[in-house]
4 protein chains.
Amino acid sequence: MRSDTREGAPVKAKRVPRAQREQQMLDAAVRIFSRSGYHAASMDEIAEACDVSKPMLYLYLGSKEELFAACIRREADRIISAFASAADPSLDPGEQLFRGLTAFFGFVAEHRESWIVLYQQARAQGEPVVEDVTAARHEVVTAVTALLRRGIREAAGERTRADGEDTGPDRGEAAAMAQVIVGAADSLAGWVLDTGPEPPEETARRLMSIIWIGLEPRLRGARYEG
Amino acid sequence: MRSDTREGAPVKAKRVPRAQREQQMLDAAVRIFSRSGYHAASMDEIAEACDVSKPMLYLYLGSKEELFAACIRREADRIISAFASAADPSLDPGEQLFRGLTAFFGFVAEHRESWIVLYQQARAQGEPVVEDVTAARHEVVTAVTALLRRGIREAAGERTRADGEDTGPDRGEAAAMAQVIVGAADSLAGWVLDTGPEPPEETARRLMSIIWIGLEPRLRGARYEG
Amino acid sequence: MRSDTREGAPVKAKRVPRAQREQQMLDAAVRIFSRSGYHAASMDEIAEACDVSKPMLYLYLGSKEELFAACIRREADRIISAFASAADPSLDPGEQLFRGLTAFFGFVAEHRESWIVLYQQARAQGEPVVEDVTAARHEVVTAVTALLRRGIREAAGERTRADGEDTGPDRGEAAAMAQVIVGAADSLAGWVLDTGPEPPEETARRLMSIIWIGLEPRLRGARYEG
Amino acid sequence: MRSDTREGAPVKAKRVPRAQREQQMLDAAVRIFSRSGYHAASMDEIAEACDVSKPMLYLYLGSKEELFAACIRREADRIISAFASAADPSLDPGEQLFRGLTAFFGFVAEHRESWIVLYQQARAQGEPVVEDVTAARHEVVTAVTALLRRGIREAAGERTRADGEDTGPDRGEAAAMAQVIVGAADSLAGWVLDTGPEPPEETARRLMSIIWIGLEPRLRGARYEG
DNA sequence: CATGAATGAGTATTCATTCAT
DNA sequence: AATGAATGAATACTCATTCAT
């Protein structure tokens, strides 16, 4: 045991193994990126924030762009698994969506930085970074789309096709719906962050109240007719 | 006819009156900002794009930040008036929303750059610029909120208050709904831009099909109950 | 006439037109590059040496590599025209070579930096720069080769071809000879720079004494036979 | 047989004795230096190329500069001994030179990297390294000079001094001649490397054909007289 | 009204070098 | 004998902004 356990000068945590350091770096980077945006964030700032010299940052993460991409990746994985692990596939689609959204709003409340970096920062960057982000967003949308498609199929099974006409949603529309849900959830998440906290279930219920009540009939073939 | 007609070199359009020049500058700026993001866009780039020297840019618009703010302002005004002028207040809220959304999707399809700058770029910027943007975005949301509040009041009038309990949306929820609509519209607008064009009415109907079918009962007090 | 002609604080020569500034920059760059080598030379250093800020340097010359290439180009042109304008084509090849070499050694003595940058620095750099240099060097060698080929043709005219065998130099060998001359001249130029000055004619005569005395018979077909 | 034979991973050759490791390091260093030049070469690169950690590199060779010096030393020794061991002092100077040059061209063909580092890289470096190099290069030139001086003495012995005037080469000129030879040989070596291989004797003969035919009379007092 | 010339203050990135193990 | 972890100090390059004309 070290003799200076009783705490003297701020002991610099040194000789940290690589895997751990990389996580520290990503933590700091997500924080800074979410605060100032990709371009405004400086590598100096990030390096200082994780108490490491810039060369280490570059040695481990390669470049600013790669660092940003790594952040995106990590946060996207987190968010997707939060959503996915909440949506028990044995439940019906509406219930799954509700639980998924609850998990999502819970995650965003707790990791607002992750969310900001992933959705707001990410979409605003020009050419180089945009693709990593689009890809990540796409995964989220895909997860939701899958959910909806199952709902559509089930609803279609129940639908009468006596007249041979099926006014229910097609493949493309499921995608559009997913976009609506994700966009709405994003926007609502931002609103909650701004207006003050509320339990994630509450936020999820808000969204479901608007979306699902319309979505469910839509899955059965109803349309808005001006 | 100009006296120097005999000179064959590409005559630079000179001596343009201020008001016009400013518009040219804003046009270029919106284009560049939307393409590369606020930080990545350079004043050199913008100056070149509107064929004006940088000193003129600064003389007329003050600074990069002010220039960005001016862009935001102009585009926000455009979009709000597009939305507002479509929503004839004599119609019922659903119809208004439908027409407003149609106008909105039409505008975004034609001026995608305006929308990108206003909605995506704007949210991503750090401290200095954020306020201008939040304000502008707020105006859009406010317009929608106003619409919804009217719908709520009307619906409330029809609602029976026998039991004294009103499960209909309160003031805050109207704002949440507006967020949902704007977020969903944004997301859908992006999707349409990516997937290929379709008539704005069609996109608006998509959104209404999902949102309004649920929104309308919600206005009357229905809730999603898990 | 300006009123402060009597010299006060070191008046910064400002507002210099572009063409002139570019020359100043090249002057400084050649000086620094020749002194420290391509990599060791820093743009800061060069900027300071020509009393201009770095942004100007980059605005006008593009990048370190382009700047170096521009130096190479300018100095190569100078040296080639010095050599070429001295070698009056109406004279016989030996005399031309002598005059060309005299001009060359004179040039090198006066512009040692040009020479160093062109020959010594240039050859030592890795991939990116090497080609500009090789090209420049090639031009010099080509000029000499042309000279020699004329000599060869003339000598061949005088040669007896009774036995049908021509042991005189072929095309390839003229190139080899040119390499020898240029290499020797280069080396000798370096030696003169190190050992102290002597009139260029003297150096040229040294080289001719060694080279031409052997070259001339060689042009006529003589060979060293071990 | 090693006891850990059962382990299939590529076993890093460890515990190599110092002397051998140093040679491996020098091998790698010469390769890298010749490829990229002194400054552009990085210690990381070199360390990786000889599969050793940087601390070892520093422990054994001291610093980048010392490492470069060590390269220069080793390669200079190699080349000088190649030249020297070929030039049997019992032969006459012309023959010695021919054999020396043959050995030289042979060496360069086989160890082009050694030569590049020694001759081209070396001359281009600024202050710190230059001296090591100049010294090494000087040794090569000295070896040639010695040869020539013997030739001069012998020739002088044969020369008539009836008129008391000796137009033969003095000490300084022997050095100049050596420079010419070395420079020409270098240039020719480069040419051969570029144009495709030929037997070293052939290249040596080329050079002798040009140089010696003139050099030999020059040793006897002949001069080029314009 | 209009601009070519000019810069102070950054930013990402790299390198030679050294501990602590 | 050997190395993963770590850094101080440079370096190329860019940008928002301002004079002098």
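Above this text sits the structure in question.
On a predicted model such as this, the values are computed, not experimentally measured, just so you know.

Asks: What is the right way to read the interface of chain C and chain D from this model?
Replies: When the parts of a complex come together, some accessible area is lost, and that lost area is often taken as the interface size. Across the contact, 45 residues belong to chain C and 46 residues belong to chain D. Buried area between chain C and chain D, both sides added, is near 3800 Å², and the carbon and sulfur share of it is 61%. At the surface where chain C touches chain D, the tally comes to two residue pairs in polar contact (both at pLDDT 80 or more). Elements represented by at least two residues in the side of chain C that touches chain D include exactly α1 (18-36), α5 (93-110), α6 (112-124), α8 (171-195) and α9 (200-219) of chain C.

Asks: Please explain the packing of aromatic side chains as it appears in this structure.
Replies: Within a pair of aromatic rings, the relevant descriptors are the distance that separates the centres and the angle that separates the planes. Counted by the stated rule, this structure contains 19 aromatic pairs over all chains. An angle of 25 degrees between the planes, with centres 5.7 Å apart, marks the rings of F33(B) and Y38(B) as stacked. By relative accessible area, which is 7% here, Y38(B) ends up buried. Among the aromatic residues, those joined into a ring-pair cluster are F33(A), Y38(A) and F68(A).

Asks: Please explain the relation of the copies chain C and chain D as it appears in this structure.
Replies: The two copies are related by a screw motion: chain C maps onto chain D through a turn of 180 degrees and a shift of 0.1 Å along the axis, at an RMSD of 0.4 Å. Here the copies are linked by what is in effect a two-fold axis. The position closest to the rotation axis in chain C is occupied by the C-alpha of G214(C), lying 1.8 Å away.

Asks: Please explain a negative patch on the surface as it appears in this structure.
Replies: Residues and elements named next belong to chain A. Taken together, the side chains of E65, E66, E131 and D132 present a region of like negative charge at the surface. Contributions of two or more residues to the negative patch are made by α4 (64-86) and α7 (127-158). In this structure E65 comes out as partly exposed when scored by relative accessible area, which is 35%.

Asks: Got a minute to help me understand the protein's contact with DNA strand F in this structure?
Replies: In the neighbourhood of DNA strand F, 37 residues make up the surrounding shell, with R15(A), P55(A), K54(B), K64(B) and K54(C) lying closest. Residue M43(B) places a main-chain N or O atom 2.8 Å away from a phosphate oxygen belonging to DNA strand F. Within the contact set of DNA strand F, a phosphate oxygen lies 2.6 Å away from a side-chain nitrogen or oxygen of K64(B). Here the surface near DNA strand F takes four residues from helix α3 (residues 54-61) of chain D, the largest share from any one element. Grouping the constituent residues of the surface near DNA strand F by class yields 18 nonpolar, six polar and 13 charged.

Asks: Would you take a moment to explain helix α3 (residues 54-61) of chain B for this structure?
Replies: Each full turn of the α-helix corresponds to 3.6 residues, which orients residues three or four apart in the same direction. All names here are of chain B. Three or more residues of α3 are buried, namely L57, Y60 and L61. On an axial view of α3, the arc spanned by its buried residues comes to 80 degrees, and they lie on one face. Of the exposed residues in α3, the ones pointing more than 90 degrees away from its buried face are P55 and L59. Among the structural elements, α1 (18-36), α2 (43-49) and α4 (64-86) are those in contact with the buried residues of α3.

Asks: Is there a simple way to explain the protein's contact with DNA strand E in this structure?
Replies: Near DNA strand E, the surroundings consist of 39 residues, among which K54(A), R15(B), R15(C), P55(C) and K54(D) are the closest. When the atoms of DNA strand E within 4 Å of the protein are sorted by group, sugar and phosphate make up 52%. The contact in question runs from a base oxygen of DNA strand E to an N or O atom on the side chain of R15(A), over 2.8 Å. Separating a phosphate oxygen of DNA strand E from a backbone N or O atom of M43(A) is a distance of 3.0 Å. Mapped onto the surface near DNA strand E, the elements with two or more residues apiece are α3 (54-61) of chain A, α3 of chain B, α1 and α3 (54-61) of chain C together with α3 of chain D. Along the lines of polarity and charge, the residues of the surface near DNA strand E split into 18 nonpolar, six polar and 15 charged.

Basis of the calculations
- Think of each chain on its own: its residues are numbered from 1, step by step along the sequence as written.
- The naming scheme follows written order: chains are lettered A onward, ligands numbered 1 onward.
- Predicted model: local features are reported for residues with pLDDT of at least 70 only, side-chain atom pairs are reported and counted for 80 or more only, and whole-chain, interface and lining totals are derived from all residues.
- For side-chain calculations, the full set of non-hydrogen atoms in the structure is used, while hydrogens and water are omitted.
- Whether two residues are in contact is decided by their heavy atoms, any of which lying within 4.5 Å being enough.
- Accessible area, probed at 1.4 Å, shrinks when two parts are joined; the buried area is that loss added up over both.
- Any pair of nitrogen or oxygen atoms within 3.5 Å is treated as a polar contact; in protein, a donor-acceptor pairing is required on top of that, and neighbouring residues in sequence qualify only through side-chain atoms on both sides.
- Only DSSP runs of H or I with at least four residues qualify as helices, and only runs of E with at least two residues qualify as strands; both kinds are numbered from the N terminus onward.
- Two aromatic rings, drawn from Phe, Tyr or Trp (for Trp, its six-membered ring), form a pair once their centres lie within 6.5 Å of each other, and the interplanar angle then sorts them: stacked below 30 degrees, edge-to-face above 60, tilted otherwise.
- Each residue is assigned to one of three classes by its accessible area relative to the maximum for its type, calculated with a 1.4 Å probe on protein chains only: buried under 20%, partly exposed between the two thresholds, exposed over 50%.
- C-alpha atoms of residues with pLDDT of at least 70 in both copies form the basis for the least-squares superposition of the copies.
- Patches draw on residues past 30% relative accessible area with no salt bridge. Two like charges within 9 Å are joined, as are two nonpolar side chains (Val, Leu, Ile, Met, Phe, Trp, Tyr) within 5 Å.
- Here, Shrake-Rupley sampling with a 1.4 Å probe gives the accessible areas, and only protein chains in the shown set may cover a residue.
- Note on definitions: salt bridges are taken to be side-chain nitrogens of Lys or Arg within 4 Å of carboxyl oxygens of Asp or Glu.
- Positive charges are assigned to Lys and Arg, negative charges to Asp and Glu, while His and the chain termini are left out of the count.
- Each charge is placed at NZ for Lys, CZ for Arg, CG for Asp and CD for Glu.
- Throughout this document, a residue counts as near a molecule or strand when at least one of its heavy atoms sits within 4 Å of that molecule or strand.
- Each residue receives one of three labels: charged for Asp, Glu, Lys and Arg, nonpolar for Ala, Val, Leu, Ile, Met, Phe, Trp, Tyr, Cys and Pro, and polar for the others, Gly being one of them.
- Directions are taken from the helix axis to each C-beta atom, and the arc is the one they span.

Read these as geometric descriptors, not functional statements.
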